[in-house]
2 protein chains.
Amino acid sequence: MKILTLSQLHELIEKEIVDQKKTLEPRELYEPIWYTLENGGKRLRPILVLMGCQLFNENIELALKPALGIEMFHNFTLLHDDIMDKAFLRRNQPTVHIKWDVNRAILSGDALAIQSNVYISSTTKEVLPKVLSVFNKTALEVCEGQQYDLNFEMVDEVGEDEYLKMISLKTAVLLAGSLKIGALIGGASDQDAEKLYSFGYDMGMAFQLQDDYLDSFGDPKVFGKKIGGDILANKKTLLLIKAKQLADEGELKKLNKWFSSKKGNPAKKIKEVIGIFIKLEIDKYIRGLVHSYSKLALASLGELDIEDNLKEELTQFTNSLINRVS
Amino acid sequence: MKILTLSQLHELIEKEIVDQKKTLEPRELYEPIWYTLENGGKRLRPILVLMGCQLFNENIELALKPALGIEMFHNFTLLHDDIMDKAFLRRNQPTVHIKWDVNRAILSGDALAIQSNVYISSTTKEVLPKVLSVFNKTALEVCEGQQYDLNFEMVDEVGEDEYLKMISLKTAVLLAGSLKIGALIGGASDQDAEKLYSFGYDMGMAFQLQDDYLDSFGDPKVFGKKIGGDILANKKTLLLIKAKQLADEGELKKLNKWFSSKKGNPAKKIKEVIGIFIKLEIDKYIRGLVHSYSKLALASLGELDIEDNLKEELTQFTNSLINRVS
């Protein structure tokens, strides 16, 4: 069975985005859609759709349009999240609501979501109901995750479990759903599709926690973003939640002071907060969690009824995600 | 064949909304959805789904969830349009972005759109691809219509054809699509479904133009809204577009003055503008268009291969829409 590598899959996605680009009217509606889609990114979710498919079917062409649909859905959520989060930049480019305005960001996001439905529905009559059922459930969960994330800004304290639930909804379920949708399109049994979902879910948790880890402990030379973005934004990540649990009175006072406002010297804030994190061994704690989740992911993979060389590809992929530096 | 009346269909929809209501978490996300759905309205679109179905199938239960899905989609567009239009009230209640905030209005709107997909997909494997194809195409067109409407605010002049295109996208296609989706679910042939679409499209044009007409020429005692809302909002409706075409120099000057700002005495503005409309016989012109479109609609209905008593129901419905006073 011919297996495409990660970079070959990535290339397929990029080519499909170029091929699908159309100049439609009114351009005010469609311009921001392609601006967003062509702005790069890891293309992680559509790659997972293709990977899920090629585990069960040589013809990954079957999954190409649905894969693009998943990437469209992901970009739609980013587009709207950026309005809600008042974000100015996305992948080093001005966000849509900054480059144009909030109305165009709302409306072109809506149109992008509808386009994503069109592409995800591009599958056979046989699997369509199952694919849509996974997709719609996942899409709703992603909205729930974003709402919990918004809620966290309004409260003083967030629990570890609450945080893990939020990232599971906001991130993990879409990685899991992408694999499951690909598998269903490829002809997987319900059981195998479900195991792949479990694999993707735990891998997604590891992925997001590694993201949080890198924000404080990434190498500035290779990370691609500035270190400490979450700290400056006073985000209640698991790093902060855990640090507050473990801090002594003095450390807690310092953390509460820094996270009570967005004022103060940014460089000093980042340095002092990360200093506390290191002293409390938060870096080790988070990396430990990343490893635990990736172990869970690989255990689900082990139960999957596919050839070992196919599993090898997903194992490598998982390892590359949890050891990534950017 | 048992045919349910308009009010029986309306009742079915209202009951289904009550039946489907769930208290889900996070409540910040789901509360605005049910606030919006329970806020009444004509329920025109879901009724059209049921009507489309019952022309071809006695079992309209088949179409009940998709009908609710269409109503959800419509309410999603209203929810987001109200943010874009900075509207304070919808059906005499505070809009979602006013009652809560813009972020909750964006996100709960997104979730409502996804919910609408769930309900619209609640149909058999056999018709699902066709239903989704009609729905997604229509949904995208509704976004295009809203974008043209937003564009009109930025330009000095809008042509009659441009205006008709905008309302066709923003309103007519969803009424048409609702009937077509219902018909497909009921088992109609592609040809009959298409004729019903044509009927719905022209009826939708008549419906929207009657809406515009009532804003200036409705009876304040029964209209339900204040007369002149479009005039005070400087909306470039067909009434204004046509009046500018027909106006003499003096009238054109007055119209341009009134529509160049939102200042000035509101009552005086409404009185003077409607005075010009009447002098130029804009009321007759718009009512003429309403009749032309309803004739076109009834002609499509005539071509439909169904029993005459079923056509009678739709004819009455069309007449009630174009002669409505509120």
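Described below are features of the structure shown in this document. (Residues numbered from 1 in each chain as written. Chains lettered and ligands numbered in written order. Predicted model: local features only at pLDDT ≥ 70, side-chain atom pairs only at ≥ 80, totals over all residues. Heavy atoms only, no water.)

**Observations concerning the packing of helix α4 (residues 64-84) of chain B against helix α6 (residues 102-120) of chain B**
Residues and elements named next belong to chain B. Just so we agree on the cut-off: The axes are straight lines fitted to the C-alpha atoms, using for helices just the contacting stretch, and the angles between their N-to-C directions are given from 0 to 180°. Comment: elements are numbered from the N terminus, with helices defined as DSSP H or I runs of at least four residues and strands as E runs of at least two. Note that the term roughly parallel is reserved for angles under 35 degrees, roughly antiparallel for angles over 145, roughly perpendicular for angles of 65 to 115, and oblique for everything else. Each crossing is labelled by how the near helix is turned from the far one, with a counterclockwise turn of less than a right angle marking it left-handed and a clockwise turn marking it right-handed. It only takes one pair of heavy atoms within 4.5 Å for two residues to be counted as in contact. Classification convention: Asp, Glu, Lys, Arg as charged; Ala, Val, Leu, Ile, Met, Phe, Trp, Tyr, Cys, Pro as nonpolar; all other residues, Gly among them, as polar.
Taken N-terminus to C-terminus, the directions of α4 and α6 make an angle of 160°; their axes are 8 Å apart at the nearest point. With respect to α6, the element α4 is oriented roughly antiparallel. In this structure, the crossing between α4 and α6 has a hand that is left-handed. Where α4 abuts α6, its residues Lys65, Pro66, Leu68, Gly69, Ile70, Met72, Phe73, Asn75, Phe76, Leu79, His80 and Ile83 lie against Val102, Ala105, Ile106, Ser108, Gly109, Asp110, Leu112, Ala113, Gln115, Ser116, Tyr119 and Ile120. Residue composition of the contact of α4 with α6, grouped by class: 15 nonpolar, 7 polar and 2 charged.

**Some thoughts on helix α8 (residues 160-186) of chain B**
Given 3.6 residues per turn, any residue in an α-helix points the same way as the ones three and four places further on. All names here are of chain B. Selection criterion: To estimate how far a helix should reach, multiply one less than its number of residues by 1.5 Å. Two axes are fitted around each residue, one to the seven residues ending there and one to the seven starting there, and the angle between them is reported as the bend at that residue. With a 1.4 Å probe rolled over the protein chains alone, any residue whose accessible area is under 20% of its type maximum counts as buried; one over 50% counts as exposed, and the rest are partly exposed.
In this model α8 runs 37 Å from its N-terminal to its C-terminal C-alpha over 27 residues, within 8% of the 39 Å that 1.5 Å per residue would give. Along its length, α8 reaches its greatest deviation from straightness, about 45°, at Ser168. Across the 27 residues that make up α8, a large majority, 23, are buried. Gly187, located one to two residues past α8, shows a positive phi value of around 100°.

**A few points about the relation of the copies chain B and chain A**
Basically, it comes down to this: Least-squares fitting of one copy onto the other uses the C-alpha atoms of those residues that reach a pLDDT of at least 70 in both copies.
Take chain B, turn it by 180°, move it 0.0 Å along the axis, and it overlays chain A with an RMSD of 0.0 Å. The two molecules are tied by a two-fold rotation axis, judged by turn and shift. Residue Lys125(B), judged by its C-alpha, is the member of chain B lying nearest the rotation axis, at 3.3 Å. Residue by residue, 100% of the interface of chain B is reproduced at the interface of chain A, so both copies engage with the same surface.

**Quick word on helix α13 (residues 249-258) of chain A**
Residue and element names in this part refer to chain A. Our working rule: The arc in question is traced by the directions running from the helix axis to the C-beta atoms. Side-chain atoms alone can form a polar contact between residues adjacent in sequence; in general such a contact is a pair of N or O atoms within 3.5 Å, and within protein one must be able to donate a hydrogen while the other accepts it.
Regarding α13, the residues found buried are Glu251, Leu255 and Trp258. Here the buried residues of α13 occupy an arc of 70° about the axis, which is enough to place them on one side. Turned more than 90 degrees away from the buried face of α13, the exposed residues are Glu249 and Lys253. Tucked into the core, α13 has its buried residues touching α12 (238-246) and α14 (266-279). A side-chain oxygen of the first residue of α13 lies 3.1 Å from the backbone nitrogen of Gly250; this N-cap is Asp248.

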